[in-house]
Amino acid sequence: MSVYLDNAATTRPCEPAVSAVFQCMVEDYGNPSSLHKLGLNAEQRVEDARKAIAAALVCDPQCITFTSGATECNNTAVFGAAQNYGKRKKKIVVSAIEHPSLAEPIKYLEEKSGFEVVRIKPSRNGEISEEDFMSAVDEDTFFASCMLVNNETGSIQPVRKVFSYIKRNFPECITHCDAVQGFMKIPIRSADIFADIIVVSGHKVHAVKGVGAMFVKKGIRIPPMLMGGGQERGKRSGTESVPLISGFGAAVRALMPTMSVAHENAEKITAYLLKKLSRLDYVTVNSIAENRSPYITNFSVEGIRSEIMLHFLETQNVYVSSGSACSKGAHSSVLTALGIPDRLADSAIRVSIGRTTTMGEIDALINAVQEGYGKLAKK
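Think of each chain on its own: its residues are numbered from 1, step by step along the sequence as written. It should be noted that, the model being predicted, local features are given only for residues of pLDDT at least 70 and side-chain atom pairs only at 80 or more, the latter also being counted only at that level, while totals for whole chains, interfaces and linings use all residues. Side-chain measures were taken over the full set of non-hydrogen atoms in the model, leaving aside hydrogen atoms and water.

Enquirer: Please give an account of empty space enclosed by the protein that cites residues and values.
Expert: A 1.4 Å probe that fits into a set of points on a 1 Å grid over the protein atoms alone but cannot get out defines a cavity; an open set with protein on both sides within 12 Å along at least five of seven lines defines a pocket, and lining residues are those with an atom within 4 Å of a point. Grid points are joined across faces, edges and corners, and a volume is the space filled by probe spheres set on the points. One pass over the full model with this rule turns up one cavity of 30 Å³ or more. Each pocket or cavity is described by its volume, and for the largest cavity that value is around 120 Å³. Lining the largest cavity are Asn7, Thr11, Met184, Lys185, Lys204, Val205, His206, Leu255, Tyr295, Ile353, Gly354 and Arg355. As a working rule, the residues Ala, Val, Leu, Ile, Met, Phe, Trp, Tyr, Cys and Pro are called nonpolar, Asp, Glu, Lys and Arg charged, and the rest polar, with Gly in that last group. Here the lining of the largest cavity is composed, by residue class, of five nonpolar, four polar and three charged.

Enquirer: Could you give me a rundown of the pairing of strand β4 (residues 116–120), with the residues and numbers involved?
Expert: The pairing of strand β3 (residues 91–95) with β4 spans five bridges and is parallel. Counted as the bridge partner of valine 94 is arginine 119 from β4. Throughout, right-handed denotes a crossover for which the path from the first strand over the helix to the second runs clockwise when the strands point away from the viewer. Helix and strand assignments follow DSSP, with helices taken as H or I runs no shorter than four residues and strands as E runs no shorter than two, numbered in order from the N terminus. For the handedness criterion, the β-α-β arrangement of β3, helix α4 (residues 100–113) and β4 is classed as right-handed. The pairing criterion is simple: DSSP has to find at least two bridges between the two strands.

Enquirer: Can you lay out the packing of aromatic side chains for me, pointing to particular residues and giving the numbers?
Expert: Ring pairs are drawn from Phe, Tyr and Trp, using the six-membered ring of Trp, whenever the two centres fall within 6.5 Å, and their geometry is named by plane angle: stacked under 30 degrees, edge-to-face over 60, tilted for the rest. Inspection of every chain in the model, using the stated rule, returns five aromatic pairs. Between phenylalanine 183 and phenylalanine 248, the aromatic rings sit 6.4 Å apart at their centres with planes inclined by 90°, giving edge-to-face as the arrangement. One end of the pair, phenylalanine 183, is in the loop between β6 (174–178) and β7 (197–201); the other, phenylalanine 248, is in helix α7 (residues 242–255), and 65 residues separate them in sequence. This pair shows no difference in class: phenylalanine 183 is buried, exactly as phenylalanine 248 is. Aromatic pair tyrosine 282 and tyrosine 373: ring centres 3.7 Å apart, planes at 0°, arrangement stacked. Of this pair, tyrosine 282 sits in the loop between α8 (259–277) and β9 (283–285) while tyrosine 373 sits in helix α12 (residues 359–376), placing them 91 residues apart in sequence. Exposure remark for tyrosine 373: the relative accessible area of 24% places this residue in the partly exposed category. An aromatic cluster is defined as three or more aromatic residues linked by ring pairs; in this entry it consists of Phe115, Phe142 and Phe143. Burial status follows relative accessibility: with a 1.4 Å probe on protein chains alone, a residue under 20% of its type maximum counts as buried, one over 50% as exposed, and anything between as partly exposed.

Enquirer: How would you explain unusual backbone geometry if you had to name every residue and give the values?
Expert: Not every positive phi belongs to a glycine, and phenylalanine 194 is a case in point at roughly 55°. Here phenylalanine 194 lies in the loop between β6 and β7. Even without being glycine, histidine 206 reaches a positive phi, approximately 70°. Inspection of the secondary structure assignment puts histidine 206 in the loop between β7 and β8 (212–216).

Enquirer: Tell me about the packing of helix α9 (residues 306–315) against α12, and name the residues and values.
Expert: Two elements in contact, α9 and α12, have axes whose closest approach is 10 Å; the angle formed by their N-to-C orientations is 120°. Relative to α12, α9 is oriented oblique. Where α9 crosses over α12, the two elements pack in a sense that is right-handed. Between α9, through Ile308, Met309, Phe312 and Leu313, and α12, the contact on the second element is made entirely by Leu365, Ala368, Val369, Glu371, Gly372, Tyr373, Lys375 and Leu376. Here, axes are lines fitted to C-alpha atoms. For helices the fit covers the stretch in contact, and angles between N-to-C directions go from 0 to 180 degrees. Comment on the angle field: the value is read as roughly parallel under 35 degrees, roughly antiparallel over 145, roughly perpendicular from 65 to 115, and oblique elsewhere. Handedness of a crossing is defined here by the sense of rotation of the near helix relative to the far one, left-handed for an anticlockwise turn of less than a right angle and right-handed for a clockwise turn. Residue contacts are defined here by distance: any two heavy atoms, one from each residue, within 4.5 Å place the two residues in contact.

Enquirer: Go over the nonpolar core, please, and point to the residues and values.
Expert: In this structure, Ile53, Leu57, Ile64, Phe66, Phe133, Phe183 and Phe248 are the most contacted members of the largest nonpolar core, which totals 67 residues. Per-element tally for this core: the top contributor is helix α2 (residues 37–57), with eight residues. If we skip the residues at most four places from it in the chain, isoleucine 64 touches Arg50, Ile53, Ala54, Leu57, Cys59, Ala213, Met214, Phe215, Glu232 and Arg233. Put simply, buried Ala, Val, Leu, Ile, Met, Phe, Trp, Tyr and Cys residues joined by side-chain atoms within 4.5 Å make one nonpolar core.

Enquirer: Now, about the pattern of salt bridges: what can you tell me, with residues and values included?
Expert: Any carboxyl oxygen of Asp or Glu within 4 Å of a side-chain nitrogen of Lys or Arg constitutes a salt bridge here. The tally for this structure, following the rule as stated, stands at 17 salt bridges. Lysine 167 serves as the salt-bridge partner of aspartate 196, at 2.8 Å between the closest nitrogen and oxygen. Placement of the pair is aspartate 196 in the loop between β6 and β7 and lysine 167 in helix α6 (residues 159–169), with a sequence separation of 29 residues. Here the two residues aspartate 196 and lysine 167 agree in accessibility, since each one is buried. A salt bridge links glutamate 307 to arginine 305, with the nearest nitrogen and oxygen atoms 3.2 Å apart. The class of arginine 305 is partly exposed, set by a relative accessible area of 43%. Overlapping salt bridges, with partners in common, bring together Glu47, Arg50 and Glu232 in one network.

Enquirer: How would you explain the sheet that holds strand β10 (residues 296–301) if you had to name every residue and give the values?
Expert: In space, the three strands of this open sheet follow the order β9-β10-β12, with antiparallel pairing throughout. In this open sheet, the two edge strands, each paired with only one partner strand, are β9 and β12 (348–352). Adjacent strand axes in the sheet meet at a mean angle of 30° when their direction is disregarded.

Right under this line is the structure:
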């Protein structure tokens, strides 16, 4: 039996999501822009999903735009904000632990267009300093971004406090939050975190890959990256992927009512994991923030490179990762920003549990790590 502990990379689609996808492929397969019955049925599927995502974020459904995923959302937010709000103001303030889908477009603007970028480094526990972030924002800042939950360590960032300060003092500054690892795991009310833009992804919440959604507050003008047919109210051209969007909505509707129960279970599972890890003197836990998501735990097995341990665990049918799946083994910029020594960063393992993870699966992980250390450390 496989032990899947890489849910921060992707999750297994839930049955309601799979059922919705299938129905849209074999029954409601019309183009949602068509005016006949099949088209109207498909359009209704999209709008039902839009309402589900909006309900989860507590916002107006008209503020939700569907895309191909969080990467497209983040790129659209960065380049769109630069196009509309970065003509006079040239400063961007961002946390130093953002996902590459946000960090890379910002780096592009810095190198190719001369924008000033201030990256706020976290403390050793993985949390961004509220004071450092707020003091970096000034009248010349047009875009400020801070993720809600870090995808490698699980640390929860002080988004609400930072963004509320920015909107009070610099209301024209666009505030952006990558909430991919927080969505459907901790409560997110769009108004409460003072974000103009919020990004979420389907395949992180038991929907299927290839669909994401972007909340854009009314009055915020973010031009589309894709132009053509004017779908999504002109915000994202291209025929909507009705099966994927419908599956996203179905997953959110099905799992939203049990979010708090799932969170409590995740806390119990993670407490058990940490207790087990504490007994291994060759393991160092990197996820040490007091305020963090119980769904993600990062630790290092000293003396054994991440990919070597990862592939050994795979032989034991235990599946974890060495960090962000988008990095594909590259050195972790997040752990570097935390000041973690290279010897530990190069040995880091990320365990990300899901709604169905059991303590028995944690036992299997620990047993496999112990066996792996016993065999690999000698080599």
